[in-house]
Amino acid sequence: MRPRAGRLRRLATPFGILATVTAAFAYVGTVDPNEPGHYPVCPLLKITGAFCPGCGGLRSAHAFIHGDLGTAFSANAVATTGYFLFAAVWVLWLVRAWRGQPLRIVLAPVWWWGIGALLLVFTVVRNLPFGSALAP
C-alpha cells in the first residue's frame, strides 16, 4: 500500500466525525431552537420543571454558531466548554492520525468521578435561586 493512501485512510474517520458534527451544528444554526416547535422539550424539564445538564444545549450551539459566545455560555456553560474541548481533542486526534499513531485518551476513574460530580453540581446549582445565571 502506498504511504499516501494509508495516511488518507487514517484521516477518514476524524474528518468523517468532523463532517457529522459540522452538519449537526449547521442544522442547529439554521433552525433556531429559540422558536417553539422546532425541537422537542427536554423530558426532565417537562415532567419535573428542573433543568438537566443538557438543557439549553441547543440554544448554546445556535448562539455559538452565530459567534455569540456570551449567549452560548449563558445558555449552557458546560456545553460551550465542551465545544472547545471537542475541538482540542479533534486536533490532537488529527495530528496523531497523520503520524500513524492511535488516539488513546485514558482517564483514571477519579477523573470520571470528578466529571460526574461537576455535572451534578452544575445541575443542582442551575436549579437553585442563587444559580439562576447558569439556567438557560
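If you tally the helices and strands in the protein, you get six helices and zero strands. For a compact globule of 136 residues, the expected C-alpha radius of gyration is about 14 Å, and the protein comes in at 18 Å, more than 25% above that figure. Projected onto its principal axes, the C-alpha coordinates of the protein cover approximately 60 × 40 × 25 Å. Out of the 136 residues belonging to the protein, those deemed buried represent 26%. Counted over contacts in the protein with a minimum sequence separation of 6, partners at least 24 positions apart contribute 54%.

Tracing the chain through its elements places L8 in helix α1 (residues 3-30). Separated by 90 residues in sequence, L8 and W98 place their C-alpha atoms 8.3 Å apart.

So, about the packing of aromatic side chains. Applying the stated criterion across every chain, the model contains six aromatic pairs. Here F15 and W90 contribute two aromatic rings whose centre-to-centre distance is 5.6 Å and whose plane-to-plane angle is 75°, an arrangement assigned as edge-to-face. Here F15, found in helix α1, pairs with W90, found in helix α5 (residues 77-99); they are 75 residues apart in sequence, far enough to count as distant. Members of the aromatic cluster, connected to one another through ring pairs, are F25, F64, Y83 and F84.

Now for the packing of helix α3 (residues 57-65) against α5. The geometry of α3 relative to α5 is characterised by a closest axis approach of 9 Å and an angle of 50° between their N-to-C directions. The orientation of α3 with respect to α5, classified from their angle, is oblique. Remark: the crossing between α3 and α5 carries right-handed chirality. Along its contact with α3, which presents G57, S60, A61 and F64, the element α5 presents A79, T80, Y83 and F84. Each residue belonging to the contact of α3 with α5 can be placed in one class, and the counts come to five nonpolar, three polar and no charged.

Within the largest apolar cluster, seven residues are counted, these being F25, V28, V31, Y39, A61, A79 and Y83. Those elements giving two or more residues to this core turn out to be α1 and α5. Here Y39 is in contact with Y27, V28, V31, D32, P33 and L58, once residues within four sequence places are set aside.

Moving on to a nonpolar patch on the surface. A cluster of nonpolar residues, L92, I105, L107, V110, W111, W112, I115 and L119, forms a patch on the protein surface that exposes about 790 Å² of accessible area. The element best represented in the nonpolar patch is helix α6 (residues 109-126), accounting for five residues. Mapped onto the fold, L119 is located in helix α6. Its relative accessible area of 30% is what places L119 among the partly exposed residues.

Thresholds, definitions, all that
- Residues numbered from 1 in each chain as written.
- Predicted model: local features only at pLDDT ≥ 70, side-chain atom pairs only at ≥ 80, totals over all residues.
- Heavy atoms only, no water.
- Helix = DSSP H or I, 4+ residues; strand = E, 2+ residues; numbered from the N terminus.
- Rg over C-alpha atoms; globule rule 2.2 N^0.38 Å.
- Buried < 20%, exposed > 50% of the residue type's maximum accessible area, 1.4 Å probe, protein only.
- Contact = heavy atoms within 4.5 Å.
- Phe/Tyr/Trp six-rings, centres within 6.5 Å; stacked < 30°, edge-to-face > 60°.
- Axes fitted to C-alpha atoms, helices over the stretch in contact; angles between N-to-C directions.
- Parallel < 35°, antiparallel > 145°, perpendicular 65-115°, else oblique.
- Left-handed = near helix turned anticlockwise from the far one by under 90°.
- Nonpolar A, V, L, I, M, F, W, Y, C, P; charged D, E, K, R; others polar.
- Core = buried A, V, L, I, M, F, W, Y, C linked by side-chain atoms within 4.5 Å.
- Patch = residues over 30% accessible without salt bridge, like charges linked within 9 Å, V, L, I, M, F, W, Y side chains within 5 Å.
- Areas by Shrake-Rupley, 256 points an atom, 1.4 Å probe, with all protein chains shown as cover.
- Salt bridge = Lys/Arg side-chain N within 4 Å of Asp/Glu carboxyl O.

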